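Single-letter residue listing:
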Amino acid sequence: MRPIRYSPDVEPPEPGFEESQQEVIDIIMEFERNSVRAEGEDRAVRFAHAKAYGLVRGTFEILDGVPEEYAQGVYARPGIHDLVVRYSNGLSHLGADRSLGHVVGMAIKVFGVEGETTLPDERQSRTMDFNLINGPVFFCNTARHYRFLAKAFIDLPKYRSGGKRGARQLYYDWVTGYGALEPEDWAWEELGALLRISAQARWQNLLLSTFWSMAAVRHGDYIAKLRVRPTEASAEAVEVRDLDPAAQEEVFRPALVAELAGHGAEFDFQVQLCTSLEEMPIDDLTVEWPEALSPFVTVARIRFPRQDIGGEGNLAAADRVSFTPWRCPAEHVPVGSLQRIRKEVYRRSSVERHGLNGQVRQEPQAVSELFPSSEKEG
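1. Some remarks on the packing of helix α1 (residues 17-38) against helix α3 (residues 143-154)
Item 1. Look at α1 against α3: their axes get within 8 Å of each other, and the N-to-C directions meet at 15°. Viewed along their axes, α1 and α3 adopt a mutual orientation that is roughly parallel. Once α1 is placed against α3, the crossing between them reads as left-handed. Mapping the contact onto sequence places Phe 17, Ser 20, Glu 23, Val 24, Ile 27 and Phe 31 in α1 and Ala 143, Arg 144, Tyr 146, Arg 147, Ala 150, Lys 151 and Ile 154 in α3.
Item 2. Residue composition of the contact of α1 with α3, grouped by class: eight nonpolar, one polar and four charged.

2. Concerning the packing of aromatic side chains
Item 1. Summed over the entire model, instances satisfying the criterion amount to 15 aromatic pairs.
Item 2. Aromatic side chains Phe 60 and Phe 269 sit 5.1 Å apart centroid to centroid with 80° between the ring planes, which places their arrangement in the edge-to-face category. One end of the pair, Phe 60, is in strand β1 (residues 52-62); the other, Phe 269, is in strand β8 (residues 265-273), and 209 residues separate them in sequence. An identical accessibility class is assigned to Phe 60 and Phe 269; each is buried.
Item 3. Ring pairing ties together the aromatic residues Phe 31, Phe 47, Phe 138, Phe 139, Phe 153 and Trp 174, which thus form one cluster.
Item 4. Arg 340 extends its terminal NZ or CZ atom over the ring of Phe 17, reaching a point 5.6 Å from the ring centre.

3. With respect to the nonpolar core
Item 1. Within the largest apolar cluster, 52 residues are counted, with the highest numbers of intra-cluster contacts made by Tyr 87, Ile 108, Phe 269 and Phe 304.
Item 2. Listed by contribution, the elements that provide at least two residues to this core are β1, β2 (79-89), β3 (104-111), β4 (127-133), β7 (222-230), α8 (252-262), β8 and β9 (297-304).
Item 3. In contact with Phe 304, other than residues within four places in its own chain, are Val 56, Arg 57, Gly 58, Leu 83, Val 85, Tyr 87, Met 106, Leu 207, Leu 260, Gly 264, Ala 265 and Phe 267.

4. Describing the environment of Arg 5
Item 1. Take Arg 5: it is sitting in the segment before α1.
Item 2. Note on Arg 5: relative accessible area 52%, which makes it exposed.
Item 3. Residues Arg 5 and Gly 220, 215 residues apart in the sequence, show an inter-C-alpha distance of 8.9 Å.
Item 4. The residues contacting Arg 5, other than those within four sequence positions of it, are Asp 221, Tyr 222 and Ile 223.

5. A closer look at α3
Every α-helix carries 3.6 residues per turn, so stepping three or four residues along brings you back to the same face.
Item 1. With 12 residues, α3 extends 17 Å from end C-alpha to end C-alpha; this agrees with the ideal 16 Å at 1.5 Å per step.
Item 2. Most of α3 sits inside the fold, with 10 of its 12 residues counted as buried.
Item 3. Buried within α3 we find Ala 143, His 145, Tyr 146, Arg 147, Phe 148, Leu 149, Ala 150, Ala 152, Phe 153 and Ile 154.
Item 4. Taken together, the buried residues of α3 touch α1, α4 (156-161), α5 (163-176), α6 (188-200) and α10 (337-356).

6. Focus on the state of the cysteines
Item 1. Under the definition given, this model contains zero disulfides.
Item 2. No disulfide involves Cys 274; its sulfur sits 18 Å from the nearest other cysteine sulfur, which is in Cys 328.
Item 3. On the basis of relative accessible area, Cys 274 is assigned to the buried category, the value being 0%.

7. Some details on the pattern of salt bridges
Note on pairing: side chains with opposite charge can pair once their charged atoms come close.
Item 1. Here the structure, examined in full by the defined rule, presents 25 salt bridges.
Item 2. Between Glu 11 and Arg 340 there is a salt bridge, and its shortest N-O distance comes to 3.3 Å. Here Arg 340 lies in helix α10 and Glu 11 lies in the segment before α1, a separation of 329 residues in the sequence. Exposure class is identical for Glu 11 and Arg 340. Each is buried.

8. Points about α10
Item 1. Along its 20 residues, α10 runs 29 Å from first to last C-alpha, staying within 8% of the 28 Å computed at 1.5 Å per residue.
Item 2. Remark: the principal bend of α10, roughly 30°, maps to Lys 343.
Item 3. Those residues of α10 that are buried are in contact with α1, α3, β6 (216-219), α9 (312-320) and β10 (334-335).
Item 4. After α10 finishes, the residue Gly 358 shows a positive phi value of roughly 65°.

9. Here's the deal with the environment of Arg 123
Item 1. Here Arg 123 shows up in the loop between β3 and β4.
Item 2. Arg 123 sits 205 residues away from Cys 328 along the chain, and the two C-alpha atoms are 9.4 Å apart.
Item 3. Beyond its immediate stretch of four places on either side in the chain, Arg 123 contacts Gly 115, Glu 116, Thr 117 and Thr 118.

10. Overview of unusual backbone geometry
Item 1. For Asp 42, which is not glycine, the phi dihedral falls at a positive 55°.
Item 2. Inspection of the secondary structure puts Asp 42 in the loop between α1 and β1.

11. Concerning the environment of Arg 165
Item 1. Along the chain, Arg 165 falls in helix α5.
Item 2. C-alpha of Arg 165 to C-alpha of Ser 20: the two residues are 145 residues apart in sequence and 29 Å apart in space.

12. Regarding the packing of α5 against α6
Item 1. Two numbers describe how α5 lies on α6: the axes approach to 8 Å, and their chain directions differ by 135°. On the basis of the axis angle, α5 is oblique to α6. Of the two possible hands of crossing, α5 and α6 adopt the one that is right-handed. Note on element contacts: α6 touches α5 through Trp 188, Glu 190, Leu 191, Leu 194 and Leu 195, opposite Tyr 171, Trp 174 and Val 175.
Item 2. Residue composition of the contact of α5 with α6, by class: seven nonpolar, no polar and one charged.

Cut-offs and rules
Residues numbered from 1 in each chain as written. Predicted model: local features only at pLDDT ≥ 70, side-chain atom pairs only at ≥ 80, totals over all residues. Heavy atoms only, no water. Axes fitted to C-alpha atoms, helices over the stretch in contact; angles between N-to-C directions. Helix = DSSP H or I, 4+ residues; strand = E, 2+ residues; numbered from the N terminus. Parallel < 35°, antiparallel > 145°, perpendicular 65-115°, else oblique. Left-handed = near helix turned anticlockwise from the far one by under 90°. Contact = heavy atoms within 4.5 Å. Nonpolar A, V, L, I, M, F, W, Y, C, P; charged D, E, K, R; others polar. Phe/Tyr/Trp six-rings, centres within 6.5 Å; stacked < 30°, edge-to-face > 60°. Buried < 20%, exposed > 50% of the residue type's maximum accessible area, 1.4 Å probe, protein only. Lys NZ or Arg CZ within 6 Å of the ring centre and 35° of its normal. Core = buried A, V, L, I, M, F, W, Y, C linked by side-chain atoms within 4.5 Å. Expected span 1.5 Å × (residues − 1). Disulfide = S-S within 2.5 Å. Salt bridge = Lys/Arg side-chain N within 4 Å of Asp/Glu carboxyl O. Bend = angle between axes of the 7 residues up to and from the residue.

Here it is, written out as C-alpha coordinates:
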(Lines give C-alpha, C1' and ligand atoms only; values in the text may rest on other atoms or scores of the structure.)
Protein backbone atom coordinates (compact mmCIF):
# COMPACT_ATOMS: atom_id res chain seq x y z
CA MET A 1 0.00 0.00 0.00
CA ARG A 2 1.18 3.50 -0.82
CA PRO A 3 1.66 5.97 2.05
CA ILE A 4 -0.99 8.67 2.53
CA ARG A 5 0.20 12.12 1.54
CA TYR A 6 0.02 14.80 4.20
CA SER A 7 -2.65 17.48 3.81
CA PRO A 8 -4.19 19.86 6.39
CA ASP A 9 -7.48 18.12 5.59
CA VAL A 10 -6.39 15.02 7.56
CA GLU A 11 -6.72 16.98 10.83
CA PRO A 12 -9.99 18.96 10.84
CA PRO A 13 -10.45 21.50 13.68
CA GLU A 14 -12.05 20.30 16.91
CA PRO A 15 -15.13 22.27 18.07
CA GLY A 16 -14.42 24.26 21.23
CA PHE A 17 -10.67 23.68 20.95
CA GLU A 18 -9.58 27.09 22.28
CA GLU A 19 -11.87 26.82 25.31
CA SER A 20 -10.60 23.34 26.14
CA GLN A 21 -7.00 24.43 25.67
CA GLN A 22 -7.40 27.32 28.10
CA GLU A 23 -9.00 25.07 30.71
CA VAL A 24 -6.09 22.64 30.45
CA ILE A 25 -3.59 25.49 30.80
CA ASP A 26 -5.40 26.78 33.88
CA ILE A 27 -5.35 23.33 35.50
CA ILE A 28 -1.64 22.88 34.80
CA MET A 29 -0.67 26.36 35.98
CA GLU A 30 -2.44 25.77 39.29
CA PHE A 31 -0.79 22.38 39.71
CA GLU A 32 2.71 23.69 39.05
CA ARG A 33 2.29 26.56 41.50
CA ASN A 34 1.00 24.18 44.18
CA SER A 35 3.71 21.61 43.45
CA VAL A 36 6.41 23.84 44.98
CA ARG A 37 5.10 22.83 48.40
CA ALA A 38 3.03 19.75 47.63
CA GLU A 39 5.84 17.63 46.13
CA GLY A 40 8.16 18.27 49.09
CA GLU A 41 11.24 19.55 47.22
CA ASP A 42 10.62 23.30 47.34
CA ARG A 43 10.50 23.55 43.55
CA ALA A 44 7.88 23.35 40.84
CA VAL A 45 7.74 20.10 38.90
CA ARG A 46 6.52 19.21 35.43
CA PHE A 47 2.82 18.49 35.04
CA ALA A 48 3.81 15.21 33.36
CA HIS A 49 7.07 13.27 33.61
CA ALA A 50 7.92 15.05 36.85
CA LYS A 51 10.48 12.54 38.11
CA ALA A 52 13.68 12.24 36.07
CA TYR A 53 15.80 9.09 36.01
CA GLY A 54 18.74 10.68 34.24
CA LEU A 55 19.95 12.87 31.39
CA VAL A 56 22.07 10.89 28.94
CA ARG A 57 24.30 12.25 26.18
CA GLY A 58 24.83 10.55 22.86
CA THR A 59 24.64 10.83 19.08
CA PHE A 60 21.87 10.66 16.50
CA GLU A 61 23.09 9.31 13.17
CA ILE A 62 20.73 9.86 10.23
CA LEU A 63 21.40 6.92 7.96
CA ASP A 64 22.26 6.98 4.26
CA GLY A 65 20.48 4.77 1.74
CA VAL A 66 17.02 4.99 3.35
CA PRO A 67 14.08 4.50 0.90
CA GLU A 68 12.75 7.76 -0.57
CA GLU A 69 9.42 7.75 1.31
CA TYR A 70 11.31 7.53 4.61
CA ALA A 71 14.20 9.86 3.72
CA GLN A 72 12.00 12.93 4.17
CA GLY A 73 12.84 16.31 5.69
CA VAL A 74 15.72 16.09 8.16
CA TYR A 75 16.05 12.37 7.42
CA ALA A 76 17.04 13.18 3.82
CA ARG A 77 20.34 14.62 5.09
CA PRO A 78 22.60 11.81 6.40
CA GLY A 79 24.98 12.79 9.17
CA ILE A 80 25.72 12.62 12.88
CA HIS A 81 24.20 15.00 15.45
CA ASP A 82 24.69 15.30 19.19
CA LEU A 83 21.70 14.53 21.39
CA VAL A 84 20.53 14.22 24.97
CA VAL A 85 17.85 11.89 26.33
CA ARG A 86 15.82 12.51 29.49
CA TYR A 87 14.36 9.33 30.97
CA SER A 88 11.46 9.91 33.35
CA ASN A 89 8.36 8.55 35.02
CA GLY A 90 5.14 9.45 33.23
CA LEU A 91 3.21 10.87 36.19
CA SER A 92 2.86 14.38 37.61
CA HIS A 93 4.37 13.55 40.98
CA LEU A 94 7.60 12.67 42.75
CA GLY A 95 8.04 9.70 45.06
CA ALA A 96 9.27 6.13 45.24
CA ASP A 97 9.29 4.20 41.98
CA ARG A 98 6.90 1.61 43.35
CA SER A 99 4.29 4.29 44.05
CA LEU A 100 4.62 5.89 40.61
CA GLY A 101 4.47 2.77 38.49
CA HIS A 102 6.27 1.68 35.33
CA VAL A 103 4.85 3.92 32.60
CA VAL A 104 8.02 5.78 31.65
CA GLY A 105 9.13 8.30 29.06
CA MET A 106 12.07 8.94 26.76
CA ALA A 107 12.44 12.59 25.67
CA ILE A 108 15.03 13.21 22.96
CA LYS A 109 16.71 16.48 21.96
CA VAL A 110 18.78 16.47 18.75
CA PHE A 111 21.22 19.33 18.11
CA GLY A 112 22.36 21.02 14.91
CA VAL A 113 19.16 20.49 12.93
CA GLU A 114 18.79 22.67 9.83
CA GLY A 115 15.75 24.89 9.35
CA GLU A 116 13.55 27.04 11.58
CA THR A 117 11.44 25.44 14.30
CA THR A 118 7.68 25.97 14.51
CA LEU A 119 7.97 27.77 17.88
CA PRO A 120 7.68 31.55 17.35
CA ASP A 121 9.92 32.45 20.30
CA GLU A 122 12.84 30.25 19.23
CA ARG A 123 12.88 29.96 15.46
CA GLN A 124 16.66 29.55 15.31
CA SER A 125 17.21 27.02 18.09
CA ARG A 126 18.50 24.33 15.66
CA THR A 127 17.19 21.64 18.00
CA MET A 128 14.52 18.99 17.43
CA ASP A 129 12.62 17.17 20.20
CA PHE A 130 10.78 13.85 20.43
CA ASN A 131 8.48 12.93 23.36
CA LEU A 132 7.98 9.16 23.64
CA ILE A 133 6.54 6.67 26.17
CA ASN A 134 6.86 2.92 26.61
CA GLY A 135 3.51 2.13 24.98
CA PRO A 136 2.20 2.34 21.39
CA VAL A 137 -1.15 3.97 22.21
CA PHE A 138 -2.37 6.92 24.27
CA PHE A 139 -5.34 7.27 26.60
CA CYS A 140 -6.81 10.52 25.30
CA ASN A 141 -8.05 11.62 21.87
CA THR A 142 -9.49 15.12 22.11
CA ALA A 143 -8.70 18.49 23.64
CA ARG A 144 -12.09 18.30 25.35
CA HIS A 145 -11.26 15.07 27.13
CA TYR A 146 -7.73 16.24 27.90
CA ARG A 147 -9.30 18.65 30.40
CA PHE A 148 -10.53 15.71 32.44
CA LEU A 149 -7.35 13.70 31.92
CA ALA A 150 -5.29 16.59 33.30
CA LYS A 151 -7.32 16.70 36.48
CA ALA A 152 -7.38 12.91 36.91
CA PHE A 153 -3.62 12.76 36.34
CA ILE A 154 -3.06 15.19 39.19
CA ASP A 155 -5.46 13.34 41.48
CA LEU A 156 -3.99 9.85 40.91
CA PRO A 157 -2.42 9.63 44.40
CA LYS A 158 -5.83 10.29 45.94
CA TYR A 159 -7.47 7.59 43.86
CA ARG A 160 -4.74 5.10 44.72
CA SER A 161 -5.00 5.79 48.43
CA GLY A 162 -8.67 4.81 48.23
CA GLY A 163 -7.96 1.20 47.25
CA LYS A 164 -10.68 -0.53 45.20
CA ARG A 165 -13.15 2.23 45.88
CA GLY A 166 -10.63 4.80 44.67
CA ALA A 167 -9.98 2.77 41.50
CA ARG A 168 -13.70 2.63 40.73
CA GLN A 169 -13.99 6.38 41.23
CA LEU A 170 -11.04 6.95 38.90
CA TYR A 171 -12.64 4.83 36.18
CA TYR A 172 -15.96 6.63 36.57
CA ASP A 173 -14.38 10.10 36.46
CA TRP A 174 -12.16 9.12 33.53
CA VAL A 175 -14.96 7.66 31.41
CA THR A 176 -17.65 10.24 32.18
CA GLY A 177 -15.47 13.35 32.39
CA TYR A 178 -16.33 13.75 36.08
CA GLY A 179 -19.98 13.35 35.12
CA ALA A 180 -19.86 16.17 32.55
CA LEU A 181 -20.03 14.05 29.37
CA GLU A 182 -23.13 12.68 27.71
CA PRO A 183 -23.19 8.86 27.53
CA GLU A 184 -22.49 8.91 23.78
CA ASP A 185 -19.23 10.77 24.55
CA TRP A 186 -18.04 8.54 27.38
CA ALA A 187 -14.37 7.65 27.02
CA TRP A 188 -14.49 3.86 27.01
CA GLU A 189 -11.76 3.49 24.38
CA GLU A 190 -9.50 5.87 26.32
CA LEU A 191 -9.99 3.86 29.51
CA GLY A 192 -9.15 0.67 27.62
CA ALA A 193 -5.96 2.27 26.32
CA LEU A 194 -4.98 3.34 29.85
CA LEU A 195 -5.42 -0.21 31.13
CA ARG A 196 -3.50 -1.71 28.18
CA ILE A 197 -0.55 0.62 28.70
CA SER A 198 -0.43 -0.23 32.40
CA ALA A 199 -0.62 -3.95 31.65
CA GLN A 200 1.99 -3.94 28.89
CA ALA A 201 4.61 -1.79 30.64
CA ARG A 202 7.28 -3.76 32.50
CA TRP A 203 9.55 -3.26 35.45
CA GLN A 204 12.73 -3.52 33.41
CA ASN A 205 15.93 -1.63 32.74
CA LEU A 206 15.19 1.50 30.72
CA LEU A 207 17.84 0.46 28.19
CA LEU A 208 15.65 -2.55 27.31
CA SER A 209 12.43 -0.62 26.77
CA THR A 210 10.85 0.33 23.45
CA PHE A 211 9.33 3.81 23.20
CA TRP A 212 6.65 5.18 20.83
CA SER A 213 5.42 8.63 19.80
CA MET A 214 1.82 7.40 20.33
CA ALA A 215 0.49 10.22 18.13
CA ALA A 216 1.22 11.08 14.51
CA VAL A 217 3.64 13.60 13.04
CA ARG A 218 4.15 14.98 9.58
CA HIS A 219 6.94 13.17 7.77
CA GLY A 220 7.72 15.46 4.88
CA ASP A 221 5.20 14.52 2.19
CA TYR A 222 3.64 11.85 4.41
CA ILE A 223 2.32 11.08 7.92
CA ALA A 224 4.08 8.84 10.43
CA LYS A 225 4.44 7.50 13.93
CA LEU A 226 7.86 6.98 15.52
CA ARG A 227 9.49 4.24 17.57
CA VAL A 228 12.82 3.82 19.35
CA ARG A 229 13.96 0.35 20.37
CA PRO A 230 17.30 -1.13 21.46
CA THR A 231 19.30 -3.03 18.89
CA GLU A 232 19.56 -6.74 19.52
CA ALA A 233 23.26 -6.52 20.45
CA SER A 234 22.66 -3.60 22.80
CA ALA A 235 19.81 -5.38 24.57
CA GLU A 236 21.91 -8.51 25.02
CA ALA A 237 24.65 -6.46 26.73
CA VAL A 238 22.33 -5.20 29.48
CA GLU A 239 23.23 -6.93 32.74
CA VAL A 240 20.59 -5.70 35.22
CA ARG A 241 17.41 -6.55 33.32
CA ASP A 242 14.30 -7.06 35.48
CA LEU A 243 13.68 -4.62 38.34
CA ASP A 244 11.98 -5.29 41.66
CA PRO A 245 10.28 -2.19 43.12
CA ALA A 246 9.31 -4.14 46.22
CA ALA A 247 12.98 -4.65 47.11
CA GLN A 248 13.95 -0.96 47.16
CA GLU A 249 12.34 2.43 46.63
CA GLU A 250 14.45 3.43 43.63
CA VAL A 251 15.02 0.94 40.81
CA PHE A 252 15.05 2.75 37.45
CA ARG A 253 17.79 5.30 38.09
CA PRO A 254 20.27 3.01 39.92
CA ALA A 255 20.03 0.42 37.14
CA LEU A 256 20.49 3.07 34.43
CA VAL A 257 23.46 4.67 36.20
CA ALA A 258 25.19 1.33 36.78
CA GLU A 259 24.66 0.11 33.23
CA LEU A 260 25.97 3.26 31.53
CA ALA A 261 28.99 3.34 33.84
CA GLY A 262 29.99 -0.02 32.38
CA HIS A 263 29.09 0.21 28.70
CA GLY A 264 27.22 2.18 26.05
CA ALA A 265 23.94 1.43 24.31
CA GLU A 266 22.49 1.63 20.81
CA PHE A 267 18.93 2.07 19.50
CA ASP A 268 17.09 2.03 16.18
CA PHE A 269 15.07 5.19 15.50
CA GLN A 270 12.20 4.08 13.28
CA VAL A 271 9.39 5.53 11.17
CA GLN A 272 6.02 3.92 10.40
CA LEU A 273 4.16 5.59 7.51
CA CYS A 274 0.37 5.88 7.47
CA THR A 275 -1.08 3.90 4.56
CA SER A 276 -4.78 3.96 5.51
CA LEU A 277 -6.63 6.71 7.37
CA GLU A 278 -9.35 4.20 8.26
CA GLU A 279 -7.15 1.50 9.78
CA MET A 280 -4.39 3.89 10.91
CA PRO A 281 -6.43 6.85 12.21
CA ILE A 282 -4.86 10.21 13.06
CA ASP A 283 -7.25 11.34 15.80
CA ASP A 284 -7.87 8.02 17.55
CA LEU A 285 -4.74 7.47 19.61
CA THR A 286 -6.18 4.39 21.27
CA VAL A 287 -5.66 2.46 18.01
CA GLU A 288 -2.26 0.88 17.41
CA TRP A 289 -1.26 1.17 13.76
CA PRO A 290 -0.90 -2.37 12.34
CA GLU A 291 2.62 -3.24 11.28
CA ALA A 292 1.10 -5.62 8.72
CA LEU A 293 -0.11 -2.54 6.83
CA SER A 294 3.09 -0.55 7.28
CA PRO A 295 6.29 -1.78 8.94
CA PHE A 296 8.63 0.36 11.02
CA VAL A 297 11.74 1.31 9.03
CA THR A 298 14.99 2.42 10.69
CA VAL A 299 16.04 5.91 9.53
CA ALA A 300 18.52 6.81 12.26
CA ARG A 301 20.57 5.26 15.04
CA ILE A 302 20.97 6.54 18.58
CA ARG A 303 24.18 5.72 20.43
CA PHE A 304 25.11 6.33 24.06
CA PRO A 305 28.80 6.16 25.00
CA ARG A 306 29.83 4.82 28.40
CA GLN A 307 29.30 7.70 30.84
CA ASP A 308 28.74 8.75 34.44
CA ILE A 309 25.25 10.16 35.07
CA GLY A 310 25.19 9.43 38.79
CA GLY A 311 25.73 12.91 40.23
CA GLU A 312 23.10 15.30 41.52
CA GLY A 313 24.19 17.73 38.82
CA ASN A 314 22.83 15.32 36.25
CA LEU A 315 19.35 15.41 37.79
CA ALA A 316 19.55 19.22 38.07
CA ALA A 317 20.31 19.39 34.34
CA ALA A 318 17.40 17.04 33.62
CA ASP A 319 15.17 19.38 35.62
CA ARG A 320 16.18 22.50 33.68
CA VAL A 321 15.88 21.26 30.12
CA SER A 322 12.52 21.35 28.33
CA PHE A 323 11.05 19.18 25.57
CA THR A 324 8.12 19.61 23.19
CA PRO A 325 7.30 17.74 19.96
CA TRP A 326 6.65 21.15 18.38
CA ARG A 327 10.33 22.04 18.58
CA CYS A 328 10.90 20.82 15.03
CA PRO A 329 11.05 22.00 11.40
CA ALA A 330 7.73 22.55 9.61
CA GLU A 331 8.03 19.30 7.64
CA HIS A 332 7.82 17.30 10.89
CA VAL A 333 5.06 19.08 12.85
CA PRO A 334 2.79 16.99 15.10
CA VAL A 335 -0.55 16.05 13.52
CA GLY A 336 -3.99 15.78 15.10
CA SER A 337 -6.15 17.46 17.72
CA LEU A 338 -4.32 16.20 20.79
CA GLN A 339 -0.99 17.11 19.23
CA ARG A 340 -2.20 20.66 18.55
CA ILE A 341 -3.11 21.22 22.20
CA ARG A 342 0.39 20.18 23.22
CA LYS A 343 1.95 23.16 21.44
CA GLU A 344 0.73 25.92 23.75
CA VAL A 345 0.20 23.72 26.83
CA TYR A 346 3.81 22.50 26.82
CA ARG A 347 5.18 25.98 26.19
CA ARG A 348 3.13 27.59 28.97
CA SER A 349 3.99 24.77 31.37
CA SER A 350 7.72 25.21 30.70
CA VAL A 351 7.59 29.00 31.06
CA GLU A 352 5.69 28.75 34.35
CA ARG A 353 7.94 26.06 35.83
CA HIS A 354 11.17 27.85 34.97
CA GLY A 355 9.81 31.10 36.38
CA LEU A 356 8.75 29.49 39.65
CA ASN A 357 12.17 27.86 40.00
CA GLY A 358 14.15 30.98 39.15
CA GLN A 359 15.67 29.24 36.13
CA VAL A 360 16.60 30.93 32.89
CA ARG A 361 14.52 29.34 30.15
CA GLN A 362 16.85 29.19 27.18
CA GLU A 363 17.24 26.47 24.61
CA PRO A 364 20.81 25.06 24.71
CA GLN A 365 22.94 25.29 21.59
CA ALA A 366 25.22 22.39 22.54
CA VAL A 367 25.19 19.34 24.81
CA SER A 368 28.05 20.80 26.86
CA GLU A 369 25.77 23.61 28.10
CA LEU A 370 23.61 21.09 29.97
CA PHE A 371 26.19 19.13 31.94
CA PRO A 372 28.40 20.05 34.89
CA SER A 373 32.06 20.06 33.89
CA SER A 374 32.73 17.35 36.49
CA GLU A 375 30.72 14.76 34.58
CA LYS A 376 32.88 12.86 32.13
CA GLU A 377 32.36 10.24 29.50
CA GLY A 378 33.96 6.90 30.11
